[in-house]
Amino acid sequence: MRRVLHVLESMGIPFSLDEPLKNHCTWRIGGPADLFVQPRSDEEVTAAVSAFRRNDVPWLVIGRGSNLLFDDDGFRGAILKVGRSLGGFEIREDRITVGAGTWAPCLARASASAGLSGLEHTVGIPGNVGGLIAMNGGSLRRSIGDSVEWVRFLDEDGVLKVFSPEECGFSYRRSCFQDGRRVVVEAGLRLKRSMPGEVRSEMEDVLKERKSKFPLAYPNCGSVFSNDPEIFSLWGAPGRVIELCGLKGLRLGDAMVSEKHANFIINLGDADSSDVIGLIGTIRSVVRDSIGRDIPCEVRYVEPKKGIVPLHEIFRSGDNPRFKKKEQEKRA
Ligand SMILES: Cc1cc2nc3c(=O)[nH]c(=O)nc-3n(C[C@H](O)[C@H](O)[C@H](O)COP(=O)(O)OP(=O)(O)OC[C@H]3O[C@@H](n4cnc5c(N)ncnc54)[C@H](O)[C@@H]3O)c2cc1C
């Protein structure tokens, strides 16, 4: 780690030690990362990643942390945050070149002002463009991948590459960028010409509906569970399934299934990662007992010593004993 710090210091790349991750996610949960790096240019991203690789420091990339659960133990290694300094965009006719650190709602509004349609569904998604692309995020049955022409990223070997949409492997809430080891730095989007007023008014409708449906007054991570086509065709969206199982309002510690929208888990104040994981485990087992199927998680979990995995993967080998124990202690 000392050699990595030397590289960062000598290049003036901003970093901090023992950075509380709860300050970098929308759930406001998570212990310290050994090293937290905030590069301001492609060169700084490349230099930081090559220093991590040369010195065998485990690392991963994040955006706004609006789809991540950090552990109370934080992360043993380096977190590379692609933030505002790597943001910015240029609009030319119906094309936009956008930096990965751009806040998605800001890009959506700018596209509306330019009379471009296609990003209306992203206006309420509180992530950065890099995270949006990695998650192939979207709403109203649309995804950002529908508008992507190319993505520029730093690959696992530290080489800058450009991928076409096909190479990005976009499918429902999936892309090839999700393991946190390829760093998206820029993307090219192509939108449709429209009238600014029309695009803006559609965005206002989207925002109004989201405000009425989502529990935005408490820290949360958006939809915890993702749509499984088979479950959807038989029982509906995950929120409906959880509601039908009578789980609205279920609480573990300070984590609670929202009364407003059952696919949201809200942090009532002092929730920790084991509260959230315990609650998710309980929801999954009640749903499994009721419909005979496991619901997959959209939220991703940062394991302190490994990296990013879809949260349901930690339940693969049966219930995680560590969380089971904590859950029992809290219930007692
Ligand atoms: C209130 C609320 C509402 C939401 N509504 C929606 C919605 O309608 N639709 C939807 O799809 N999502 C929604 N989300 C979830 C979340 O906002 C999206 O998934 C968002 O795109 C994540 O962006 P982020 O910058 O926060 O990424 P993070 O949460 O920081 O990271 C998510 C994943 O992306 C990867 N990643 C992040 N940045 C980069 C990068 N530069 N290069 C490579 N990989 C990267 C990370 O490694 C991680 O695997 C919502 C969340 C909240 C809190």
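About the criteria used
Residues numbered from 1 in each chain as written. Predicted model: local features only at pLDDT ≥ 70, side-chain atom pairs only at ≥ 80, totals over all residues. Heavy atoms only, no water. Near = heavy atom within 4 Å. Polar contact = N/O pair within 3.5 Å; in protein donor to acceptor, adjacent residues only side chain to side chain. Areas by Shrake-Rupley, 256 points an atom, 1.4 Å probe, with all protein chains shown as cover. Helix = DSSP H or I, 4+ residues; strand = E, 2+ residues; numbered from the N terminus. Nonpolar A, V, L, I, M, F, W, Y, C, P; charged D, E, K, R; others polar. Expected span 1.5 Å × (residues − 1). Buried < 20%, exposed > 50% of the residue type's maximum accessible area, 1.4 Å probe, protein only. Contact = heavy atoms within 4.5 Å. Core = buried A, V, L, I, M, F, W, Y, C linked by side-chain atoms within 4.5 Å. UniProt positions renumbered as here; feature names shortened; annotations may be inferred. Pairing = 2+ DSSP bridges. Axes fitted to C-alpha atoms, helices over the stretch in contact; angles between N-to-C directions. Salt bridge = Lys/Arg side-chain N within 4 Å of Asp/Glu carboxyl O.

*Asks:* I keep staring at the site of the ligand and nothing clicks. Help me out?
*Replies:* Neighbouring the ligand are 37 residues, the closest being Val61, Gly63, Ser66, Gly138 and Val184. Contacts to the ligand include Gly65, whose backbone N or O atom sits 2.8 Å from an oxygen atom. For the ligand, an oxygen atom lies 3.4 Å from a polar atom in the side chain of Arg300. In isolation the ligand offers 970 Å² of accessible surface; the protein chains occlude 96% of this area. When residues of the shell around the ligand are traced back to their parent elements, those giving at least two are β3 (59–62), α4 (129–135) and β11 (183–190). When residues in the shell around the ligand are grouped by element, the largest group, 5 residues, is from α4. Its residues assigned to classes, the shell around the ligand comprises 15 nonpolar, 16 polar and 6 charged.

*Asks:* Please explain helix α9 (residues 273–291) as it appears in this structure.
*Replies:* Helical geometry: 3.6 residues make up each α-helical turn, so side chains three or four residues apart lie on a common side. With 19 residues, α9 ought to run about 27 Å at 1.5 Å a step, and its terminal C-alpha atoms sit 27 Å apart, in line with that. Counted residue by residue, α9 has 14 buried out of 19 residues, so it is predominantly covered. Just downstream of α9, Gly292 is the residue with a positive phi angle, here 75 degrees.

*Asks:* What exactly am I supposed to notice about the environment of Ala104 here?
*Replies:* Note that Ala104 resides in helix α3 (residues 104–113). Among the residues examined, Ala104 registers a relative accessible area of 2% and is labelled buried. Along the backbone, Ala104 and Leu119 are 15 residues apart, and their C-alpha atoms lie at a distance of 9.0 Å. The contacts of Ala104, once residues within four sequence positions are left out, are Thr122, Ile125, Gly127, Asn128, Val129 and Leu132.

*Asks:* I keep staring at the nonpolar core and nothing clicks. Help me out?
*Replies:* It is characteristic of soluble globular proteins that their nonpolar side chains tend to be buried jointly. By size, the foremost hydrophobic cluster in this structure holds 54 residues, and its most contacted members are Phe52, Leu80, Phe177 and Val183. At 6 residues, the largest contribution of residues to this core is made by helix α2 (residues 42–54). Sequence-distant contacts of Phe52, that is, excluding residues within four places in its chain, are made with Val4, Leu35, Val37, Val57, Trp59, Ala78 and Leu80. Counting 31 residues, the second largest nonpolar core, distinct from the first, contains Ile29, Leu69, Ile231 and Leu247.

*Asks:* Looking at this structure, I do not really get the UniProt feature "domain: FAD-binding PCMH-type" (unreviewed entry) in the protein. What am I missing?
*Replies:* Residues annotated by UniProt as "domain: FAD-binding PCMH-type" (unreviewed entry) correspond here to residues 28–194. For residues 28–194, the end-to-end C-alpha separation is 38 Å, with 20% helix and 31% strand making up the annotated structure.

*Asks:* Can you walk me through the sheet that holds β11 in this structure?
*Replies:* The sheet built from 5 strands is open, its strands ordered β6-β7-β11-β9-β10 with antiparallel pairing. A strand with exactly one partner marks an edge of an open sheet, and here the two such strands are β6 (89–92) and β10 (160–163). Averaged over all pairs of adjacent strands, the angle between strand axes in this sheet comes to 15 degrees, irrespective of strand direction. By the bridge criterion, 4 bridges tie strand β9 (residues 148–154) to β10 in an arrangement that is antiparallel. Following the sheet pairing, Arg152 is matched in β10 by Val162. Against the sheet, α3 makes contact with β6, β7 (95–99) and β11, and its axis sits at roughly 25 degrees relative to β6, the strand it touches most.

*Asks:* Help me understand the pairing of β7, please; the structure alone is not making it clear to me.
*Replies:* Along a regular strand, successive side chains alternate from one face of the sheet to the other. Here 4 bridges tie β6 to β7, and the two strands are oriented antiparallel to one another. Its bridge partner being in β7, Arg92 is matched across the sheet by Arg95. Two elements, β7 and β11, share 5 bridges in a ladder whose sense is antiparallel. By the bridge assignment for β11, Ile96 is matched with Leu189.

*Asks:* Please explain the pairing of strand β2 (residues 32–37) as it appears in this structure.
*Replies:* As paired strands, strand β1 (residues 15–20) and β2 are joined by 5 bridges and run antiparallel to one another. Each residue of the ladder has a partner; that of Leu17, found in β2, is Leu35. The sheet contact formed by β2 and strand β5 (residues 75–81) spans 4 bridges and is parallel. Looking across to β5, one finds that Phe36 is bridged to Ile79.

*Asks:* What should I look at first to understand the pattern of salt bridges in this one?
*Replies:* Side chains carrying opposite charge are able to pair once their charged atoms draw close together. Enumeration over the complete set of coordinates arrives at 17 salt bridges. Taking the shortest distance from any N to any O, the salt bridge between Arg293 and Glu230 comes out at 2.4 Å. Taken together, the residues Arg293 in the loop between α9 and β16 (300–302) and Glu230 in helix α7 (residues 229–235) connect sequence positions 63 residues apart. With relative accessibility at 27%, the residue Arg293 sits in the partly exposed group. Judged by relative accessible area, Glu230 falls into the partly exposed class, the value being 44%. In this structure, the salt-bridge partner of Glu243 is Lys248, at a minimum N-O distance of 3.5 Å. The exposure class of Lys248 is partly exposed, given its relative accessible area of 26%. Connected via shared salt-bridge partners are Asp42, Arg152 and Glu186.

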